[in-house]
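# Chain and residue survey
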Amino acid sequence: MALTNQDRIDITDLVNGHGHLVDGGELDRLDELFTPDVLYDLHDFGRGELVGIAALRAAAEGAAGPVGHHVTNIVITEVDGASAAVRSKGIGVNADGTAGSVTYQDTVTRSPDGWRISHRKVIGRRKTGPREVLERFRQAAIDQSVDAMRQLYAVDAVHEFPFTRPGLPSRLDGVDEIIRWMAEAWQAKAFQYRAYRTIAIHDTGDPATIIVEQEALGTSPAAGEFALPNIVVLTAHDGRITHLRDYVNILAAMDVLGRSGGVVEDEAEGVSKA
């Protein structure tokens, strides 16, 4: 059975309804929009997949997201009489007046109660310059999110540590090696970043490269609260890091981890990764 004009009206109302229910705090009505086993894909934001309405509701209740969700540019493509693919644009207005844009890629299916979204993928529309990549990098480090960090590096990226010591790497090649190194450091639970303090960001002759003077603020069991200084030279193309030179203060990193002079362990370099 082909989609009727009424089907298209109902599907459009379904997609539009998301913003009204979320902005109105009516999260108990999400079953009017989604199938019970809905898959909500947030990989582009480093949050993996949410499965089921309960997971969606919990994520919405715990998130400090936009105060206004607006949907536009809805395009419906019939798959068969019982399902359709829907693309739309989302505009989110934040409490401070700033706004962001996403693309929704939905699969909608016909149910006894009407049309419902069974799969949604949210794709962010972002500026992709090195300053924007830096902010995403910092947030991924604070969250210790492997998924978000993997999204930030090009496949053939290089991450260098010019200020290294014997027994520690001076260079990591490729996203797999970089992410593996970070994940091991985070799993050790030897430190946790909570914020970054920007001292200065310098543009260079290459618009894809910036030089960042910063401090990573955090806590560790050994040192308590700390401020770890470092300088980063970051190059990004198409929203992904292609080259990062991380001038971490190795001695300061050792203090964060409670290490002393003679012995340098891998964890000290792990602290530098963000």
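This text goes with the structure placed above it.
About the thresholds
Residues numbered from 1 in each chain as written. Predicted model: local features only at pLDDT ≥ 70, side-chain atom pairs only at ≥ 80, totals over all residues. Heavy atoms only, no water. Helix = DSSP H or I, 4+ residues; strand = E, 2+ residues; numbered from the N terminus. Buried < 20%, exposed > 50% of the residue type's maximum accessible area, 1.4 Å probe, protein only. Contact = heavy atoms within 4.5 Å. Salt bridge = Lys/Arg side-chain N within 4 Å of Asp/Glu carboxyl O. Pairing = 2+ DSSP bridges. Axes fitted to C-alpha atoms, helices over the stretch in contact; angles between N-to-C directions. Phe/Tyr/Trp six-rings, centres within 6.5 Å; stacked < 30°, edge-to-face > 60°.

## Section: the overall build of the protein chain
Counting its secondary structure elements, the protein chain contains seven helices and 12 strands. Principal-axis analysis of the C-alpha atoms gives the protein chain an extent of 75 × 40 × 35 Å. The burial tally for the protein chain puts 43% of its 274 residues in the buried class. Of all intrachain contacts in the protein chain linking residues separated by at least 6 positions in sequence, the fraction that spans at least 24 positions is 52%.

## Observations concerning the pattern of salt bridges
Tallying each qualifying case throughout the model produces 11 salt bridges. E26 serves as the salt-bridge partner of R29, at 2.7 Å between the closest nitrogen and oxygen. As a salt-bridge pair, R120 and D106 come within 2.7 Å of each other at their nearest N and O atoms. With R120 in strand β6 (residues 114–125) and D106 in strand β5 (residues 99–111), the pair connects residues that are 14 residues apart, well separated along the chain. Side by side, R120 and D106 carry an identical accessibility label, which is buried. Within the structure, one salt-bridge network assembled from shared partners comprises E160, R171, D173 and R245.

## Section: the pairing of strand β11 (residues 224–237)
In terms of strand pairing, strand β10 (residues 209–220) meets β11 through 12 bridges, oriented antiparallel. Looking at β11, one finds that T219 is bridged to E225. Linking β10 back to β11 in an antiparallel pair, the connection comprises three residues. In terms of strand pairing, β11 meets strand β12 (residues 240–248) through eight bridges, oriented antiparallel. Bridging from a neighbouring strand, I231 pairs with Y247 of β12.

## A look at unusual backbone geometry
Of note, the phi angle at N73 is positive, near 55°, even though the residue is not glycine. Examined against the element boundaries, N73 turns out to sit in strand β3 (residues 68–80).

## Topic: the environment of R180
Locating R180 in the fold gives a position in helix α5 (residues 175–187). Spatially, the C-alpha atom of R180 lies 36 Å from that of F34, the residues being 146 residues apart in sequence.

## Quick notes on the side chain of H18
With respect to the secondary-structure elements, H18 resides in helix α1 (residues 5–23). In contact with H18, other than residues within four places in its own chain, are L33, F34, Y40, Y104 and R120.

## Focus: the sheet that holds strand β8 (residues 171–173)
Ordered in space as β8-β7-β12-β11-β10-β9, the six strands form an open sheet in which the pairing is mixed. The open sheet has two edge strands, β8 and β9 (192–203), and neither has a second partner. Going from strand to strand, the sheet's axes swing by 20° on average, the running direction of each strand aside. Sitting on the sheet, helix α3 (residues 130–143) touches β7 (153–160), β9, β10, β11 and β12, and the angle it makes with β9 is about 165°. Sheet contacts for α5: β7 and β8; angle to β7, the most-contacted strand, approximately 60°.

## Notes on the packing of aromatic side chains
Applying the stated criterion across every chain yields a total of six aromatic pairs. Look at F163 and Y247: their rings are 5.2 Å apart centre to centre, the planes differ by 75°, and that puts the pair in the edge-to-face class. Of the two residues, F163 is situated in the loop between β7 and β8 and Y247 in strand β12; the sequence distance between them amounts to 84 residues. Given the relative accessible area of 48%, F163 is considered partly exposed. With relative accessibility at 22%, the residue Y247 sits in the partly exposed group.

Interpretation note: all reported values are geometric properties and have no functional meaning in isolation.
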